[in-house]
Amino acid sequence: MNAMLEPVERYRRLIDAVAPSLPGDDAGWLTSQRARATEHFVRQGFPTRKDEAWRYTSLERVLEQVWAPNAEPGLQPATADIAAFHLAKDAVARLVFINGRCLPGLSSLSGLPAGVQLGSLHSALEQQPERLAPWLGQAAQAGVSSFTALNTALIDDGAWVHIAVGTKLAGPVELLYLTTGPGTVAAHPRNLVVLEDGAEATVVEHYASLDDTACFTNSLTEVLLGAGAQLEHARLQDESAAARHISNVFVQQGHSSHYRAVGVSVGGLWSRSEYHNRMQQTQASCEIDGLYIAGDAQLTDVHLDIGHAVPACTSRERFKGILLGRGRAVFDGRIRVEVDAQKTDAQLANDNLMLSRDAEVDTKPQLEIFADDVKCSHGTTVGQLEPEQLFYLRSRGIGADDARRMLCLGFATEVLQACSVDGFRARVETRLQQRLAAGAVMGNSGE
Amino acid sequence: MSAEKQGVKELIRREYQQGFVTDIQTDTLPPGLDEGVVRAISAKKQEPDWMLDWRLAAFRHWSEQTEPEWASVHHAPIDYQSISYYAAPSARPGPASLDEVDPKLLETYAKLGIPLEEQKALAGVAVDAVFDSVSVATTFKKKLAEAGVIFCAISEAVREHPELVKQYLGSVVSYRDNFFASLNAAVFSDGTFVYVPKGVRCPMELSTYFRINSANTGQFERTLIIAEEGSHVSYLEGCTAPMRDENQLHAAVVELVALDDARIKYSTVQNWYPGDEQGRGGIYNFVTKRGDCRGARSHISWTQVETGSAITWKYPSCILRGDGAVGEFYSVAVTKGRQQADTGTKMIHIGRNTRSTIVSKGISAGHGSNAYRGLVRITPKAENARNHTQCDSLLIGDRSAAHTFPYIEVRNPSAKMEHEATTSKIGDDQLFYCRSRGLSEEDAVSMIVNGFCKEVFKELPMEFAAEAQKLLSVSLEGAVG
């Protein structure tokens, strides 16, 4: 695949060019981590559809363009412009990133309780890189994929959240990632969220665009949970219709920790989100819910890799998809139960609603089990709206379009319920309504 | 161009004639695989030129391929040049009497309640000409001929019914299909051919077991079943008793063709030598099975009980081409000791109103590893397609493994597709319930496992189902506790 080699070379040069300007280059551990990642990236190159994990997802749309990393934004938005993007009314802190760079002027960090460190990863790496050494790169092993390696090679800015032992945040931390032109922009945000033993927090990640410039986001979030820590992690990808987006979330869980995530993907031309969860100590549990909406020309891809390495952990994954127009959705959910991870309870569900003739769903749940005393299951469905349900609503005087919209909303709400941030749920519901109204909600094939 | 081709062909043929003379004397080809071997096999079978050409094309394609590695199985690399690709049945030395047969094998026969004469046949002991099943088979043949059903060895069909073989052979599983299918096409030595004419309901269950000279069908078996419009046929392959077999590598190909309103039911019980406790020896069973529901309302149903072989690697599939076609797959796969199974199915929905059902039950005991791998594809034109998939795995022992890898591709909104998979061990409460009623642990497990597999067993022809149940209990003996 010569066409694939060329972008690798392009990125290699880019890494070489920006390397001197990256923060923390005097910290040996970080420099060697970046070097390893670069080496791995160059050796591995970009995946092709021959790679099992990329079987249904072509990278053509991502690699066809040259993306300028961390480009200076053409305009500096004012605080008022940003307000529309805020989701959590009761956020205790906000960090705003434009084209991958943290803008302190737009961020608000006042009033954080003691025991909470929150700010830009860039400045943390410049001021006290050794502080981050025990965590950065721990959950996201660079060997995992090309995009993880690329992100690691380019570690520059992102959010840095550290919550001390036993500290509980009163409200969500909101992280807003915006992209804007001119030109084709690339952002490689790198986030590190560390919750020490018994800490509790809610983190909202929101990816959006200020204009309809084509951009490429390759975000990576590492989450490390200490014993008994609890994190609610809500993520919304709502970028412009020309955006390409890939995000990797790596979670490492300690004893009795709880990770609850809601991941929603509505925007972008091409988007892929991956969750890699490792329950490394007993009694840990995770719940990941997700919703994806794909309309005309959109491709959305979700990959889950849930690893039960030790006994007595629980995981629940539930993803729902709504397909409109010529939308395409890919779902790949893997649960892996290692040898001796007895008493594992793992369940995964994926339901897809196809509302158009030309949509396509490729779903692939997987169970890999090497222990016997387990309860594991997965279920997948693909279908359209039930005619009986439509009839029920219509017989009560509700118009066909409204009835369909109501049913779609109900379908999505099951997933959104898992999120405790009201503003987040409300935003997704609004976006869903808009998408359903815009993309003609097609009826049953019989009509 | 064509003249040149002709010249080359002649040259090759001459070369082969020389090889042929030496080979026929030994009746067993020396290990190794090249064009000469393919030619020799074809010559021994007295095949026409078109057949040889097809084999050679397959061989050339095979030579360019590498062995696939994606299956969830592990084995030492196979040396394809160390295998002998043809041995005439008579050339195989068998034990002279049952006394020479492995007592363990005999013990299993006794448990399965197999009559003495049949035990001899299965163990490869030379049997008398008056042996019952031979005469039974002759009676069967007469009855089938009256109905117009052709049921014979595929090499015989190549000679006697070339027009049918030419039309259908390779039309479902092309020689380019996959590595093992190419290998099979190049070197297959024998197999079964069934042709059921229009509107005929085959008067009996067909079984390889009753086909004369079928005892040694060889390691590269090729089966072709054609069901003409409105016909019905049920075919049984294998048997519950462990077969004595020296071949380590088996790469069979099965092709089914169902025309309008035809119905084919294909049942397999596979119980080949699984190797010893350490996983030494044992059969590698790499099979390509595919049914083509070509006609409207055609129906193909696969039922398999897989308990043997060190490695089982097969995916009996259905291409649902005709409108209203139905595909079914019912499977029980048991792995114990060091056995590995990677099995499942593909259901390709092309026609309108096509339906498919998949029920897969995997049981892993000891160090056994079991994987379900399946594909359900609903193409844009498959209006109102329906699929239901249920994959359950049962784990017995903390070193066993069970995997599920379903692929689901839907491109039509009117499709209704459901996939469900579960993995668990036998519930302690279930065991306790049975044991508190006086059942031994082994009996309790056997009962629960049989219940777990019931959905599949009920699809087997009746006598077979009873045998399969017994087989399952025997297979799991010693796996518990």
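Residues numbered from 1 in each chain as written. Chains lettered and ligands numbered in written order. Predicted model: local features only at pLDDT ≥ 70, side-chain atom pairs only at ≥ 80, totals over all residues. Heavy atoms only, no water.

1. Describing the overall build of chain B
And step 1. Broken down by element type, chain B carries 12 helices and 20 strands.
And step 2. Buried residues in chain B amount to 57% of all 481 residues.
And step 3. Taking all contacts inside chain B whose residues are at least 6 apart in sequence as the whole, residues at least 24 apart take part in 83%.
And step 4. Total accessible area on chain B stands at roughly 20,100 Å², and carbon and sulfur atoms take up 52% of it. (Helix = DSSP H or I, 4+ residues; strand = E, 2+ residues; numbered from the N terminus. Buried < 20%, exposed > 50% of the residue type's maximum accessible area, 1.4 Å probe, protein only. Contact = heavy atoms within 4.5 Å. Areas by Shrake-Rupley, 256 points an atom, 1.4 Å probe, with all protein chains shown as cover.)

2. Brief notes about the overall build of chain A
And step 1. The helix and strand inventory of chain A stands at 10 helices and 21 strands.
And step 2. Rg of the C-alpha trace for chain A: 21 Å, near the compact-globule value of 22 Å for 447 residues, within the 12% margin.
And step 3. With respect to the three principal axes, the spread of C-alpha positions in chain A is 70 × 55 × 50 Å.
And step 4. Of all 447 residues assigned to chain A, the portion counted as buried reaches 62%.
And step 5. Summarising the internal contacts of chain A: among those between residues at least 6 apart in sequence, 85% fall at separations of at least 24.
And step 6. For chain A, the accessible surface area stands at approximately 15,900 Å², while carbon and sulfur atoms represent 51% of it.
And step 7. If the 40 positive side-chain charges of chain A are averaged to one point and the 54 negative ones to another, these points end up 3 Å apart. (Rg over C-alpha atoms; globule rule 2.2 N^0.38 Å. Lys, Arg positive; Asp, Glu negative; His and termini not counted. Charge placed at Lys NZ, Arg CZ, Asp CG, Glu CD.)

3. Observations regarding the confidence of the model for chain B
A low pLDDT score tells you not to read the predicted coordinates there in detail.
All names here are of chain B.
And step 1. Per-residue confidence for chain B gives a mean pLDDT of 82, with 78% of residues at or over 70.
And step 2. For residues 124-135, every residue scores under 50 in pLDDT, and the model assigns this stretch 18 contacts once sequence neighbours within four places are set aside.
And step 3. Note on residues 210-217: pLDDT under 50 across the span, and 18 contacts to partners over four residues away in sequence or across chains.
And step 4. This complex was scored by the predictor with a pTM of 0.88 and an ipTM of 0.88. (pLDDT = per-residue confidence, 0-100.)

4. Description of the interface of chain B and chain A
And step 1. With 34 residues of chain B in contact, the opposing surface of chain A contributes 37 residues.
And step 2. Taken over both partners, the interface formed by chain B and chain A buries close to 2,800 Å², and the fraction arising from carbon and sulfur atoms is 48%.
And step 3. For the pair chain B and chain A, the interface holds five salt bridges.
And step 4. One salt bridge connects B:Arg399 with A:Asp340, and the closest N-O pair in it is separated by 3.1 Å.
And step 5. For the pair chain B and chain A, the number of links is 16 residue pairs in polar contact (both at pLDDT 80 or more).
And step 6. Residue assignment for the side of chain B that touches chain A shows that the elements contributing at least two residues are β18 (386-396), β19 (401-410) and β20 (416-425) of chain B.
And step 7. A class-by-class count of the residues in the side of chain B that touches chain A yields 14 nonpolar, 11 polar and nine charged.
And step 8. Bridge count between strand β20 (residues 360-369) of chain A and β19(B): six bridges; the pairing is antiparallel. Bridge pairing links A:Ile369 to B:Ala402 in β19(B). (Buried area = accessible area lost by both parts, 1.4 Å probe. Salt bridge = Lys/Arg side-chain N within 4 Å of Asp/Glu carboxyl O. Polar contact = N/O pair within 3.5 Å; in protein donor to acceptor, adjacent residues only side chain to side chain. Nonpolar A, V, L, I, M, F, W, Y, C, P; charged D, E, K, R; others polar. Pairing = 2+ DSSP bridges.)

5. Re unusual backbone geometry
For residues that are not glycine, phi is negative in most cases, and the peptide bond is trans in most cases.
All names here are of chain A.
And step 1. In the segment running from Gly181 into Pro182, the intervening peptide bond is cis, with an omega of 5°.
And step 2. Within the fold, Pro182 resides in the loop between β6 (173-179) and β7 (185-187).
And step 3. With a phi close to 75°, Asp340 is a non-glycine residue in the positive phi region.
And step 4. Tracing the sequence through the fold places Asp340 in the loop between β18 (328-337) and β19 (344-354).
And step 5. Even without being a glycine, Lys343 presents a positive backbone phi close to 60°.

6. Side note on the pairing of strand β2 (residues 93-98) of chain A
Residues and elements named next belong to chain A.
And step 1. With six of six residues buried, β2 is to be regarded as a mostly interior element.
And step 2. Alternating positions in β2 separate into two faces, Ala93, Leu95 and Phe97 on one and Arg94, Val96 and Ile98 on the other, with burial throughout.
And step 3. Counting the residues in the hairpin turn of β2 and strand β3 (residues 101-102) gives two residues, including Asn99, whose phi is positive at 50°.

7. Brief notes about the packing of helix α2 (residues 35-44) of chain B against helix α3 (residues 49-63) of chain B
All names here are of chain B.
And step 1. Relative to each other, α2 and α3 sit at 150°, their axes nearing to 10 Å. With respect to α3, the element α2 is oriented roughly antiparallel. Between α2 and α3 lies a crossing of right-handed hand. For the pair α2 and α3, the contacting residues are Glu35, Val38, Arg39, Ile41 and Ser42 in the first and Leu52, Arg55, Leu56, Phe59 and Arg60 in the second.
And step 2. Here the residues of the contact of α2 with α3 are counted per class, giving five nonpolar, one polar and four charged. (Axes fitted to C-alpha atoms, helices over the stretch in contact; angles between N-to-C directions. Parallel < 35°, antiparallel > 145°, perpendicular 65-115°, else oblique. Left-handed = near helix turned anticlockwise from the far one by under 90°.)

8. With respect to the packing of aromatic side chains
All names here are of chain A.
And step 1. If you walk through the whole model with that rule in mind, you get 27 aromatic pairs over all chains.
And step 2. Residues Trp54 and Trp270 carry aromatic rings whose centres are separated by 6.4 Å and whose planes lie at 10° to one another, so their mutual orientation is stacked. Of this pair, Trp54 sits in the loop between α2 (28-44) and α3 (60-63) while Trp270 sits in strand β14 (residues 270-279), and the two are 216 residues apart along the sequence. With respect to burial, Trp54 and Trp270 carry one shared label: buried.
And step 3. Here the aromatic rings of Phe97 and Tyr177 are separated by 4.8 Å at their centres, their planes lie at 10°, and the arrangement is stacked. (Phe/Tyr/Trp six-rings, centres within 6.5 Å; stacked < 30°, edge-to-face > 60°.)

9. Things to note about the pattern of salt bridges
And step 1. A complete count under the given rule lists 56 salt bridges over all chains for this structure.
And step 2. With its nearest N and O atoms 3.5 Å apart, the salt bridge here joins A:Glu174 to A:Arg94. Within this pair, whereas A:Glu174 is found in strand β6, its partner A:Arg94 is found in strand β2, the two being separated by 80 residues in sequence. Here A:Glu174 matches A:Arg94 in class, with each residue buried.
And step 3. Across the salt bridge formed by B:Glu418 and B:Arg386, the nearest N and O atoms sit 3.2 Å from each other.

10. As for the side chain of B:Thr343
Residue and element names in this part refer to chain B.
And step 1. Secondary-structure assignment places Thr343 in strand β14 (residues 340-343).
And step 2. Accessibility expressed as a relative area gives 4% for Thr343, which makes it buried.
And step 3. Looking at Thr343, its side chain comes within polar contact range of the main-chain oxygen of Lys314, at 2.7 Å.

11. Remarks on the nonpolar core
And step 1. Of all hydrophobic cores here, the largest spans 98 residues; its most connected members are A:Leu195, A:Leu231, A:Tyr259, B:Leu206, B:Val233 and B:Val410.
And step 2. Sequence-distant contacts of A:Leu195, that is, excluding residues within four places in its chain, are made with A:Ile163, A:Glu200, A:Ala201, A:Leu224, A:Leu225, A:Gly226, A:Ala229, A:Gln230 and A:Leu231.
And step 3. Formed by 56 residues, the second largest nonpolar core is a distinct cluster that contains B:Val37, B:Val158, B:Val173 and B:Phe193. (Core = buried A, V, L, I, M, F, W, Y, C linked by side-chain atoms within 4.5 Å.)

12. As for the environment of A:His206
All names here are of chain A.
And step 1. Tracing the sequence through the fold places His206 in strand β9 (residues 200-209).
And step 2. Look at His206 and you get buried, because its relative accessible area is 1%.
And step 3. On a C-alpha basis, the gap between His206 and Leu236 in space is 4.9 Å, while along the polypeptide they are 30 residues apart.
And step 4. Residues contacting His206, with those up to four places away along its chain left out, are Phe85, Leu87, Leu175, Leu176, Tyr177, Leu236, Asp238 and Arg427.
And step 5. At a separation of 3.1 Å, a polar atom in the side chain of His206 contacts the main-chain carbonyl oxygen of Phe85.

13. A few points about helix α9 (residues 179-187) of chain B
Residue and element names in this part refer to chain B.
And step 1. Buried residues dominate α9, accounting for nine of its nine residues.
And step 2. For α9, every residue scored as buried is listed here: Phe179, Phe180, Ala181, Ser182, Leu183, Asn184, Ala185, Ala186 and Val187.
And step 3. Sitting at the head of α9, Asn178 places a side-chain oxygen 2.8 Å from the backbone nitrogen of Phe180.

14. As for the environment of B:Ile350
All names here are of chain B.
And step 1. Tracing the backbone shows Ile350 in the loop between β15 (346-349) and β16 (355-365).
And step 2. For Ile350, a relative accessible area of 31% translates into the label partly exposed.
And step 3. For the pair Ile350 and His403, spaced 53 residues apart in sequence, the C-alpha separation works out to 28 Å.
And step 4. Ignoring sequence-local partners within four residues, the contact set of Ile350 consists of Ile319, Leu320, Arg321, Thr379, Lys381 and Ala382.

15. Topic: the packing of helix α11 (residues 441-457) of chain B against helix α12 (residues 462-476) of chain B
All names here are of chain B.
And step 1. Where α11 meets α12, the axes come as close as 10 Å, and the angle between the chain directions of the two elements is 140°. Classified by the angle between their axes, α11 and α12 sit oblique to one another. α11 and α12 meet at a crossing whose hand is right-handed. Note on element contacts: α12 touches α11 through Ala465, Ala468, Gln469, Leu472, Ser473 and Leu476, opposite Ser446, Val449, Asn450, Cys453 and Phe457.

16. Structural notes on the pairing of strand β10 (residues 299-306) of chain B
Residue and element names in this part refer to chain B.
And step 1. Within β10, eight of the eight residues are buried, which leaves the element mostly enclosed by the surrounding structure.
And step 2. Side chains His299, Ser301, Thr303 and Val305 of β10 all project onto a buried face; the interleaved residues Ile300, Trp302, Gln304 and Glu306 project onto the opposite face, where all are buried too.
And step 3. Of the strand pairs in this sheet, strand β8 (residues 263-270) and β10 are connected by eight bridges, and their pairing is parallel. By the bridge assignment for β10, Ile264 is matched with Ile300.

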